[in-house]
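A look at the structure
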There are 2 protein chains.
Amino acid sequence: MTLHLAVDAGGTSTRCVVVDETGGCLGYGRAASGNPISAGPALAARSVAEAAADALRQAGSAGGGAAGVASVLLAMAGASALSSTELFAAELAPLGVRAPVAFAPDLLATFCSGTWRADGYALVAGTGATAVRVEGGEVARAADGLGWLLGDDGSGFWIGERVARAAAADLDGRGPRTALTAAVLAALGLAPDGAQVQGRAAVLQRLVETVYALRPVELSRFARLAFQAAGDPVADAIVRGAADALVRTLETVTDPAVEGPVVLGGGTLAQHDALVDRIAATRGSEGGAAEVHVVDEGTVGAAVVALRHASVTVDGPVFERIARTLDALR
Amino acid sequence: MTLHLAVDAGGTSTRCVVVDETGGCLGYGRAASGNPISAGPALAARSVAEAAADALRQAGSAGGGAAGVASVLLAMAGASALSSTELFAAELAPLGVRAPVAFAPDLLATFCSGTWRADGYALVAGTGATAVRVEGGEVARAADGLGWLLGDDGSGFWIGERVARAAAADLDGRGPRTALTAAVLAALGLAPDGAQVQGRAAVLQRLVETVYALRPVELSRFARLAFQAAGDPVADAIVRGAADALVRTLETVTDPAVEGPVVLGGGTLAQHDALVDRIAATRGSEGGAAEVHVVDEGTVGAAVVALRHASVTVDGPVFERIARTLDALR
C-alpha cells in the first residue's frame with residue numbers, strides 16, 4: 001500500500017494527512033503556520049515537518065510508515081516564488097521521508113476540498129481574497145490575491161479597513177453616525193468620555209494611536225463587526241460592497257465554456273452566510289442553480305491533489321472516502 | 001526693535017524667519033524636516049536650530065541679533081502631543097536665543113499665510129489631508145488628518161493608492177483598461193513583456209513586488225499620474241472622488257455663522273488647479289463668490305502667529321509687509 005503525505009500550509013496553521021491510494025486517511029497532524037510568506041521559509045519548513053511527524057505517528061506502521069511515503073504534496077500560497085522544495089525535503093528527511101516534494105497552489109487545494117470534479121471555480125476570502133478557474137485539475141486563471149495595498153477586494157482586510165474608517169469618520173463628524181463606532185471602540189477597549197478636542201471627540205485621537213500601533217493587515221479583525229451590525233446602513237453598505245467585489249473577482253476568472261462547481265473558502269466567507277448567499281445567488285441567476293460548496297480549509301483537497309500527482313484517479317467514491325476517513329481522524 | 005523667530009516645520013523642510021514688530025522680515029533660513037512625527041523629536045529640534053541659525057546670520061546685528069529675540073513660534077503638526085518646547089529651547093540656546101518657545105498648529109500657519117483675517121477656513125492636502133475652522137485667530141474645529149489608514153480622504157496618498165489599485169485591477173482583468181496602467185509601470189521602471197502567468201500579465205507580479213517594497217505612504221507619488229491622465233475615465237473618477245472628499249472635509253468644519261476666506265495649501269492642492277477650481281466652485285455656490293487663496297507653505301503665517309502671540313496687531317498692511325519682505329529674502 002503506497003502512501004502519500006498531503007500538506008495544507010496556511011498563514012495560521014499547517015495540516016498534514018497521510019493518505020493511501022484508495023483515499024483512506026491514516027494519520028493527521030497540525031502545527032503552526034507553514035506558509036513561507038507569513039512564517040518565513042525556515043519556520044514554514046519546520047512547521048510542515050512537525051505536522052508530518054504527528055500524522056506519521058498516528059498512521060503508525062501501516063503502509064510501511066515514513067518509508068512507505070512515495071510523494072509529498074505541499075499546498076501553499078506563493079510557495080514556488082518564495083522557497084524551494086529542497087528546504088522542505090531536508091526537514092522531512094529526519095522523519096524517514098525520502099520522497100520527492102512538489103508544490104501546488106493553495107487555491108487548488110481549496111477547490112479540491114469541495115469537489116472531485118476537474119473543472120470549476122474557487123473563491124477564497126480570508127484576510128485576503130483570490131479566485132481561480134480550474135481546468136483539468138490545474139489552475140488555468142487566477143484573479144486578485146494582490147494583497148491589502150493593491151487588491152484583495154472584498155477580503156477581511158478590505159471590510160475591516162472600511163469598518164475602522166467608518167468609525168473614524170463618524171467620530172470626526174465627516175461620516176454618518178453608525179453602530180460600527182461603538183463596536184470598534186469596544187473591540188479596542190476604548191471608551192468615549194464625552195471630552196472634545198478642537199470640536200472632535202477626544203477618543204478619536206486614542207483610536208488613531210491604537211490603530212496605527214497595529215500592523216495594517218490586523219485591521220481584518222474588524223471585519224466581523226460589519227456582519228454583527230447587520231441592519232446598520234453603513235455596515236450593510238460595506239458588506240454589499242464586499243460581496244460585489246468578490247462576485248467581480250469570481251466573474252473575472254469565469255469562462256462560459258468551463259462549467260463546474262464553485263467552491264468558497266476562507267474565514268470571511270465560511271463564517272458569514274450573508275456573503276455566501278449573495279455570491280450563490282449571483283451564480284444561480286447566470287444559468288440555473290449553481291453548485292456551491294463552502295469549505296473551511298484545504299486538507300481534503302491537498303490529499304486529492306497528492307493522489308492525482310501520483311496518477312491515482314480521484315472520482316466521487318474516492319473523494320468521499322478521503323473526506324470521511326479524514327473526518328474520523330480529527 | 002523687538003524680534004521674533006517664526007518657524008514653519010514641515011515633513012519635508014523647515015523654514016525660519018526673523019521678523020520685527022512692524023512685519024519686516026530680516027532673515028530667512030531653511031533646513032531638513034523639523035517635524036517630530038516624520039523626523040523624530042531630536043532631529044526635528046536640530047533642524048529648527050539649523051534653520052534659525054541661518055535666519056539669524058542673515059538678520060545680522062539688526063534688532064540686537066539673537067539676543068533681541070523676544071519669542072519663538074513653532075508651527076508644526078501634532079507637535080504638542082509628541083514633544084516639549086524644552087527640547088527646542090535647548091537647541092536654540094547655543095545660538096544665543098533665550099526666548100520662550102510656543103507651538104502653533106501647522107494648519108493655523110497655513111491659514112495665516114493666505115489672509116490676515118482672524119476668521120475663516122484652511123484646507124491642506126499633501127500626502128495627508130486636513131481642514132480647520134479658525135475663529136479669533138485660533139483653531140476652533142479640525143477635521144480629518146487621521147493618516148493614510150484611517151482617513152486623509154482626498155489626499156495625495158488617497159489618490160495615489162487608487163491609481164496603483166486601478167493599474168493592478170486593469171492588469172488583473174478585474175478593472176477597466178486605463179491609461180494609468182502604463183503610467184504606473186513607467187513610474188516604477190517596469191515594462192510589460194507580453195508574458196502571461198495563470199492568465200494574467202506577468203508584469204503584474206513585478207508590480208506587486210515593487211509596490212510592497214515601498215512604505216505605504218510612498219504611494220502618494222502616484223497621485224500626479226491621475227492629473228496627468230486627465231480625460232481617462234478612471235483617472236477622472238479618482239480626481240472627482242478626491243475633490244468630493246476634500247469638499248466634504250471642508251464642509252465638516254464649516255459653521256454658517258463663521259464667514260471668512262478659504263486658504264488652500266499642500267502639494268496635492270497647490271500643484272493641481274483641477275482640485276482647486278472644484279473646491280472654489282463649491283464654496284462659491286453656497287453664497288456668492290468665495291475668497292479663496294492658495295499658498296505653498298506656511299512661513300508667512302508662522303510670522304503672523306508669532307506677532308499675534310506677542311500682542312502685535314496684524315492687519316492688512318502688516319500682513320502685506322511680512323509677505324513682501326519675506327519674498328525679498330528668498
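Conventions we followed
- Residues numbered from 1 in each chain as written.
- Chains lettered and ligands numbered in written order.
- Predicted model: local features only at pLDDT ≥ 70, side-chain atom pairs only at ≥ 80, totals over all residues.
- Heavy atoms only, no water.
- Helix = DSSP H or I, 4+ residues; strand = E, 2+ residues; numbered from the N terminus.
- Rg over C-alpha atoms; globule rule 2.2 N^0.38 Å.
- Buried < 20%, exposed > 50% of the residue type's maximum accessible area, 1.4 Å probe, protein only.
- Contact = heavy atoms within 4.5 Å.
- Areas by Shrake-Rupley, 256 points an atom, 1.4 Å probe, with all protein chains shown as cover.
- Lys, Arg positive; Asp, Glu negative; His and termini not counted.
- Charge placed at Lys NZ, Arg CZ, Asp CG, Glu CD.
- Expected span 1.5 Å × (residues − 1).
- Polar contact = N/O pair within 3.5 Å; in protein donor to acceptor, adjacent residues only side chain to side chain.
- Axes fitted to C-alpha atoms, helices over the stretch in contact; angles between N-to-C directions.
- Parallel < 35°, antiparallel > 145°, perpendicular 65-115°, else oblique.
- Left-handed = near helix turned anticlockwise from the far one by under 90°.
- Least-squares fit on C-alpha atoms with pLDDT ≥ 70 in both.
- Buried area = accessible area lost by both parts, 1.4 Å probe.
- Salt bridge = Lys/Arg side-chain N within 4 Å of Asp/Glu carboxyl O.
- Nonpolar A, V, L, I, M, F, W, Y, C, P; charged D, E, K, R; others polar.
- Pairing = 2+ DSSP bridges.
- Core = buried A, V, L, I, M, F, W, Y, C linked by side-chain atoms within 4.5 Å.

Here's the deal with the overall build of chain A
- Each helix and strand counted, chain A has 14 helices and 12 strands in total.
- Taken over C-alpha atoms, the radius of gyration comes to 22 Å for chain A, in line with the 20 Å a tight globule of 330 residues would show.
- Counting only C-alpha atoms, chain A reaches 75 × 45 × 35 Å along its principal axes.
- The buried share of chain A, taken over its 330 residues, is 55%.
- Taking as baseline every contact in chain A between residues at least 6 positions apart, the subset at least 24 positions apart corresponds to 66%.
- If you sum the accessible surface of chain A, you get close to 12,800 Å²; carbon and sulfur atoms cover 52% of it.
- Each charge class in chain A was averaged separately, 25 positive and 35 negative side chains, and the resulting centres sit 5 Å apart.

Here we look at helix α10 (residues 233-253) of chain A
- Here α10 of chain A contains 21 residues, and its C-alpha end-to-end distance of 31 Å stays within 8% of the 30 Å for a straight helix at 1.5 Å per residue.
- Its side-chain oxygen 3.1 Å from the backbone nitrogen of V234 of chain A, D232 of chain A forms the N-cap of α10 of chain A.

What to know about the packing of helix α6 (residues 156-172) of chain A against α10 of chain A
Residue and element names in this part refer to chain A.
- Contact pair α6 / α10: the axes reach a minimum separation of 10 Å and the direction vectors enclose 155 degrees. By the angle class used here, α6 and α10 are roughly antiparallel. Pair α6 / α10 crosses with right-handed handedness. Between α6 and α10, the contacting residues are W158, I159, R162, V163 and A166 on the first element and V234, I238, G241 and A242 on the second.

Some points on the relation of the copies chain A and chain B
- The two copies are related by a screw operation: chain A maps onto chain B through 180 degrees of rotation and 0.0 Å of translation along the axis, at an RMSD of 0.1 Å. Classification of the inter-copy transformation places it as that of a two-fold axis.
- Same-surface contact between copies: 100% of interface residues of chain A are shared with the interface of chain B.

Describing the interface of chain A and chain B
- Facing the 36 residues of chain A at the interface are 36 residues of chain B.
- In total, chain A and chain B occlude about 3,200 Å² of area from one another, counting both sides; carbon and sulfur atoms represent 55% of this.
- When the buried surface of chain A facing chain B is broken down by residue, L149, L150 and R174 of chain A rank first, second and third, together holding 26% of it.
- Our enumeration of links across chain A and chain B arrives at 7 salt bridges.
- Between R174 of chain B and D144 of chain A there is a salt bridge, with its nearest N and O atoms 3.6 Å apart.
- For the pair chain A and chain B, the number of links is 32 residue pairs in polar contact (both at pLDDT 80 or more).
- Mapped by element, the contributors of at least two residues to the side of chain A that touches chain B are β8 (138-144), α6, α8 (203-212) and α10 of chain A.
- At 7 residues, the largest contribution of residues to the side of chain A that touches chain B is made by α6 of chain A.
- Tallied by class, the residues present in the side of chain A that touches chain B amount to 20 nonpolar, 7 polar and 9 charged.

Notes on the pattern of salt bridges
- Per the counting criterion, the structure on display carries 35 salt bridges over all chains.
- The salt bridge involving R174 of chain B is made with D153 of chain A; its shortest N-O contact spans 3.0 Å. Here R174 of chain B, found in the loop between α6 (156-172) and α7 (179-187), pairs with D153 of chain A, found in the loop between β8 and α6, and the two come from separate chains.
- A relative accessible area of 10% means that R174 of chain B is categorised as buried.
- By relative accessible area, D153 of chain A is classed as buried at 14%.
- The network of salt bridges with shared partners includes E161, R162, R165, D172, R174 and R200 of chain A together with R141, D144 and D153 of chain B.

Overview of the sheet that holds strand β1 (residues 3-9) of chain B
Residue and element names in this part refer to chain B.
- The sheet built from 5 strands is open, its strands ordered β3-β2-β1-β4-β5 with mixed pairing. Where the open sheet ends on each side, the last strands, each with one partner, are β3 (25-32) and β5 (101-105). Taking the axes of each pair of neighbouring strands and ignoring which way they run, one obtains an average angle of 20 degrees across the sheet.
- Inspection of the sheet shows β1 paired to strand β4 (residues 69-76) by 6 bridges, in the parallel sense. Each bridged residue has a counterpart across the sheet, and for H4 the counterpart in β4 is S71.
- Sheet strands touched by helix α2 (residues 41-59): β1, β2 (13-20), β3 and β4. Its angle to β3, the strand with the most contacts, is close to 150 degrees.
- Seen against the sheet, helix α14 (residues 316-329) touches β2 and β3 and runs at an angle of roughly 60 degrees to β3.

Re the nonpolar core
- In this structure, L207 of chain A together with L207 of chain B are the most contacted members of the largest nonpolar core, which totals 108 residues.
- Beyond its immediate chain neighbours, meaning those up to four positions away, L207 of chain B contacts L150 of chain A together with A168, L171, V184, L185, L188 and L190 of chain B.

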